[in-house]
Every structure is written in C-alpha cells, then in structure tokens.
Amino acid sequence: MADDLDRLFKTAAHEPPQGFAARVAALSRGVSQAPAPPPFSLWRLVPLAASAGLGALLVAEFALFAFVTAAAQ
Amino acid sequence: MDSTSDLCRTAAGDAVAFQRLVEAQQARVFGFLGRMGLDAATSEDIAQDTFLRVWRNARSFDPRLGAASTWILAIARNLALTHLSRASHRREVRNDEAAAQAPCHAPLADEALMRKEQRARLDAALERLAPAERSILAASYVEGLDLASIARIEDCSTGAAKARLHRAREKLKRVLGAT
C-alpha cells in the first residue's frame, strides 16, 4: 500500500506553465516591498517580565496568606 | 547561486534574483499544491500569490531560521489551507480542461488514461482528509525535504510532524482501501 501511495502521489504533481516565472517577475514590478520588521530588542520583553513578576508576587501572597491562616488554626 | 542567496538579493529589490528564485522553486511549489489535491488552475493562482508574497515580504525572511525553499513552501501551504477552508462548503471539481475540451470520441492514450484515473482516485481520497493532513502528506513528497523542514512548514515540532504524518498516511491508506 505504501508503494501504492507513492505511485499515486507521483502522478499528482502539477508542472508550472511555460513562462510562469517571467510572468510573476513582471507582476512583481507593480508590487512594492514591505519594510523589514523591527529588530528584536530586550526592551520588548520589559512589559512581559513586569506582568510575570506581578503574577508571581500575587501567587506568593496568596500562598503566604493560606499558610498563616492554616498555622493560626 | 542558491535560493537562499537569491531571496536575500530579492529583499534588496533585485528583480533578476527574484526571477531566478521563481524558476528554481516553481516546480516544488506546483508539485506540493498538486499533491494537496488542488486542480491545475487553482495551483497556478496560489503559486502566483505565493511568489508575489515572497517578493512583498522578502525582507521578513531570516536565513538563520531555515532555507528559502522551506519559507516559500510554508507560504504556499498557508494560502492553500485558506483556499481549502473557503472552498470546504462546495465540492472541489478538478478542472482538467484539456480532457474536457477533447472530443468524446477521441480515445486517450493508455498511459494518460491510467494517470487520469489514478489522479481521480487520489483526489477523491484526499477530499476525505482534513486540509492539514493533506498538507503534511504533500510536504512529505517534496524532493529533498527532511522531517525538520516539514515540521517548520507545518509549524510544529519534529516529533509532532512525524506522528501527524504517520496518522495521515494511515488514514489515507484506509480511505483508499475503502474505495
């Protein structure tokens, strides 16, 4: 069956039409290129790190409160 | 000159490098789209869209993240999946214009007839697969593409790509066995 799949997929590929590359290249002349994305900067991580820190603080506060409550009982 | 260098030159606006890139990669893209079960006309539209996106977004390509061919096939895959999801409500009819325009009494050569029947059988089976399964199967038949590259095209880990490919092949075998 694996051979059957290979045989079937071999017949399934299409061939590019004649002159396809030249046509696409000609079409591209009317298309402007998008600017490069801004380079990665560590400053972009600052909001993420701040949110993670606040979240961790909240969890720690909750754990401390639960511990103190349990100890008091 | 390899395709990655040509893509880097394309990013600098080199139209000659871009045409060279299209010439080098067009057979892979058409082969991939055909193996996803798309007809010739749709494949041509998607391939054209793919290469125009390559031209437009060439500056976003980062050669450290993979080869140009992988990046281009990932664009073709995303466009093909969008097309398949839009077309899912209607039945895809293969547009074999050459055969349709031939007179009914003109006999097809044995080999051509056999290929047409095989293609129809595969198309019918592929229609019963999810678009993502069709995509990973098609990628696995692109010449020179290893599992890591397939995983990059499919945007998943190598292990996940291997498992998904295995499942898709098994499902296709079952569907073909049932027809």
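Just so it is clear, the structure is predicted and the values come from calculations on it, not from any experiment.

(A) Representation of the overall build of chain A. Check the secondary structure of chain A and you find 3 helices and 0 strands. Compactness check: chain A gives a C-alpha radius of gyration of 30 Å against a globular reference of 11 Å for 73 residues, more than 25% above the reference. For chain A, the C-alpha atoms occupy an extent of roughly 85 × 45 × 15 Å along the three principal directions. Every one of the 73 residues in chain A was classed for burial, and the buried ones make up 11%.

(B) Structural context of the overall build of chain B. On a plain count of helices and strands, chain B comes out with 9 helices and 0 strands. Counting across all 179 residues of chain B, residues that qualify as buried make up 34%. Taking the contacts inside chain B whose residues are at least 6 apart along the sequence as the reference set, 67% of them involve residues at least 24 apart.

(C) Representation of the packing of helix H7 (residues 131–140) of chain B against helix H9 (residues 158–178) of chain B within the structure. Residue and element names in this part refer to chain B. As a packed pair, H7 and H9 sit with axes 9 Å apart at the nearest point and diverge in direction by 100°. As far as their axial angle goes, H9 and H7 are roughly perpendicular. Together, Glu133, Ile136, Leu137 and Ser140 of H7 and Ala161, Arg164, Leu165, Ala168, Arg169, Lys171 and Leu172 of H9 make up the contact between the two elements.

(D) Highlighting the environment of Gly144(B). On the secondary structure map, Gly144(B) appears in the loop between H7 and helix H8 (147–154). Judged by the 8 C-beta atoms lying within 10 Å of it, Gly144(B) is exposed.

(E) The arrangement of helix H3 (residues 46–72) of chain A in detail. In this model, H3(A) (27 residues) spans 39 Å end to end at C-alpha, consistent with the 39 Å of a helix rising 1.5 Å per residue. Summarising burial for H3(A): 0 of the 27 residues are buried, a small minority.

(F) Broad picture of helix H3 (residues 40–56) of chain B. When the terminal C-alpha atoms of H3(B) are compared, their 24 Å separation across 17 residues agrees well with the 24 Å that a helix rising 1.5 Å per residue should span. When we look at burial in H3(B), the residues that qualify are Thr42(B), Ser43(B), Ile46(B), Ala47(B), Thr50(B), Phe51(B), Val54(B) and Trp55(B). Tucked into the core, H3(B) has its buried residues touching helix H2 (20–28) of chain A together with helix H1 (3–11), helix H2 (15–35) and helix H4 (68–87) of chain B.

(G) Representation of the interface of chain B and chain A in the model. Counting from both sides, the interface comprises 35 residues of chain B and, opposite them, 26 residues of chain A. Among the elements of the structure, H2, H3, helix H6 (110–126) and H9 of chain B are those that each provide at least two residues to the side of chain B that touches chain A. Per element, the largest residue contribution to the side of chain B that touches chain A is 12 residues, and it comes from H2(B). Of the residues contributing to the side of chain B that touches chain A, the split by class is 15 nonpolar, 10 polar and 10 charged.

Cut-off values and rules
Residues numbered from 1 in each chain as written. Chains lettered and ligands numbered in written order. Predicted model: local features only at pLDDT ≥ 70, side-chain atom pairs only at ≥ 80, totals over all residues. Helix = DSSP H or I, 4+ residues; strand = E, 2+ residues; numbered from the N terminus. Rg over C-alpha atoms; globule rule 2.2 N^0.38 Å. Buried ≥ 20, exposed ≤ 12 C-beta atoms within 10 Å, placed from the backbone. Contact = placed C-beta atoms within 7 Å. Axes fitted to C-alpha atoms, helices over the stretch in contact; angles between N-to-C directions. Parallel < 35°, antiparallel > 145°, perpendicular 65-115°, else oblique. Expected span 1.5 Å × (residues − 1). Nonpolar A, V, L, I, M, F, W, Y, C, P; charged D, E, K, R; others polar.

The values are spatial; any link to function lies outside them.
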